[in-house]
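# Commentary on secondary and tertiary structure
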Amino acid sequence: MTDVVASTLLFGLIAYAVFGGADFGAGFWDLTAGGVERGRRPRARIDRSLGPVWEGNHTWLIFCLVVTWTGFPAVFAAVTTTLYLPLGLAALGIVLRGSGFAFRKAVHRTENQRLWGAAFATSSVITPFFLGTVAGAVASGRIPEAGYGDPVGAWVNPSSLFTGVLAVAICAYLAAVFLSADAHSDGDSELVRYFQLRAWATAVVAGVLAVAGLFIAYADAPRLFSRLVGPALPVVMLCVLAGAAALVLLHRMDPRLVRGLAALAAAALVLGWGVAQYPYLLGTHAAVSAAAAPRETLVALTVVFCAAAVLVVPSFLLLYTLAQRARLEEK
């Protein structure tokens with residue numbers, strides 16, 4: 001039962017990495033699109049792609065929080081009492097991002113549009129970075145099981161900072177592939193090429209970071225390194241192959257297939273992290289079985305999971321399908 005709940009938590013993290021990651025990455029390209037005139041068309045494409053779905057993607061983050069504090073309350077307490085600074089900054093970024101995306105469409109003066117647009121774009125980079133530092137702190141075992149660890153050193157270290165930068169790069173890669181596919185569906189060849197070039201560039205950056213990350217893990221998180229090149233190696237290779245295939249087929253195949261390959265690469269990355277950490281929830285300690293809530297709580301959670309699978313997952317599938325078919329009005 002503990003493994004079932006832990007696997008469901010990992011599923012939620014994968015879903016948030018894929019859908020929320022593409023969401024954040026679109027903000028990265030909004031930030032780097034250039035001035036008002038130069039960036040008008042890419043930003044319009046980003047607005048059309050995000051408009052129907054951006055609010056729903058954070059459902060997965062809420063899901064992960066609820067599962068953690070209910071199924072593994074001691075781990076939730078340890079993480080939040082140690083990493084309250086990056087978690088608070090990430091939460092602030094989510095609020096600013098949502099406000100910026102909504103208000104820049106509602107205001108009419110150019111200077112106000114720039115202000116809210118800057119809030120949306122900047123927070124789209126800040127949020128995945130700080131969430132990445134949290135993941136790095138967990139993976140490297142820097143959070144004491146009793147909580148109240150070093151509030152700065154736990155996330156200001158090579159593993160955490162590297163993971164934060166890698167998270168931004170992966171989000172940018174996902175978004176570039178998704179936006180290129182969306183532009184292809186609309187028959188906009190100029191924007192297809194625009195986002196394809198950016199997908200290639202971020203893939204190269206992410207690849208270089210991944211190689212560098214192995215050296216960082218070897219020096220700073222030895223257990224994580226040994227597990228990544230051991231039990232998690234097949235999943236890591238799946239991540240590399242899926243990401244490379246998405247790039248090779250970016251301008252040749254059905255956009256839905258390309259999006260699926262890019263999503264598979266991001267999902268495999270998170271899955272590899274989960275396999276490397278198992279059976280610990282805090283990198284090197286807090287075993288899944290020992291940190292779990294009582295069995296009655298886990299059974300209740302499992303029932304809720306089944307209900308959510310029946311009610312929520314089909315709703316999301318319908319939302320994404322209608323969005324891809326341009327059946328939803330833009331906000």
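Rules behind the numbers
- Residues numbered from 1 in each chain as written.
- Predicted model: local features only at pLDDT ≥ 70, side-chain atom pairs only at ≥ 80, totals over all residues.
- Heavy atoms only, no water.
- Helix = DSSP H or I, 4+ residues; strand = E, 2+ residues; numbered from the N terminus.
- Buried < 20%, exposed > 50% of the residue type's maximum accessible area, 1.4 Å probe, protein only.
- Contact = heavy atoms within 4.5 Å.
- Polar contact = N/O pair within 3.5 Å; in protein donor to acceptor, adjacent residues only side chain to side chain.
- pLDDT = per-residue confidence, 0-100.
- Patch = residues over 30% accessible without salt bridge, like charges linked within 9 Å, V, L, I, M, F, W, Y side chains within 5 Å.
- Areas by Shrake-Rupley, 256 points an atom, 1.4 Å probe, with all protein chains shown as cover.
- Salt bridge = Lys/Arg side-chain N within 4 Å of Asp/Glu carboxyl O.

### Points about the environment of Gly-39
- Mapped onto the fold, Gly-39 is located in the loop between α1 (2-31) and α2 (40-50).
- Residue classification places Gly-39 among the buried positions, given a relative accessible area of 0%.
- Spatially, the C-alpha atoms of Gly-39 and Trp-29 are 9.5 Å apart, while their sequence positions differ by ten residues.
- Setting aside its immediate chain neighbours within four residues, Gly-39 contacts Ala-33 and Gly-34.

### Observations concerning the side chain of Asp-220
- Its location among the elements puts Asp-220 in helix α8 (residues 189-220).
- You can call Asp-220 buried: its relative accessible area is 19%.
- Only 2.8 Å separates the side chain of Asp-220 from the side chain of Arg-142, close enough to count as a polar contact.
- Setting aside chain neighbours within four positions, we find Asp-220 in contact with Arg-142, Asn-157, Pro-158 and Ser-159.

### A look at the confidence of the model for the protein
- Looking at the protein as a whole, its pLDDT mean stands at 90, while 96% of the residues score no less than 70.
- Helix α4 (residues 73-82) holds the highest mean pLDDT among the elements of the protein, 97, whereas helix α13 (residues 295-324) holds the lowest, 87.
- Across residues 327-331, confidence stays below pLDDT 50; counting only partners more than four residues off in sequence or on other chains, it has ten contacts.

### A closer look at a nonpolar patch on the surface
- Residues Tyr-84, Leu-85, Val-152, Val-156 and Leu-161 make up a contiguous nonpolar surface patch of roughly 400 Å² in combined accessible area.
- Inspection of the secondary structure puts Val-156 in the loop between α6 (110-139) and α7 (158-185).
- With relative accessibility at 41%, the residue Val-156 sits in the partly exposed group.

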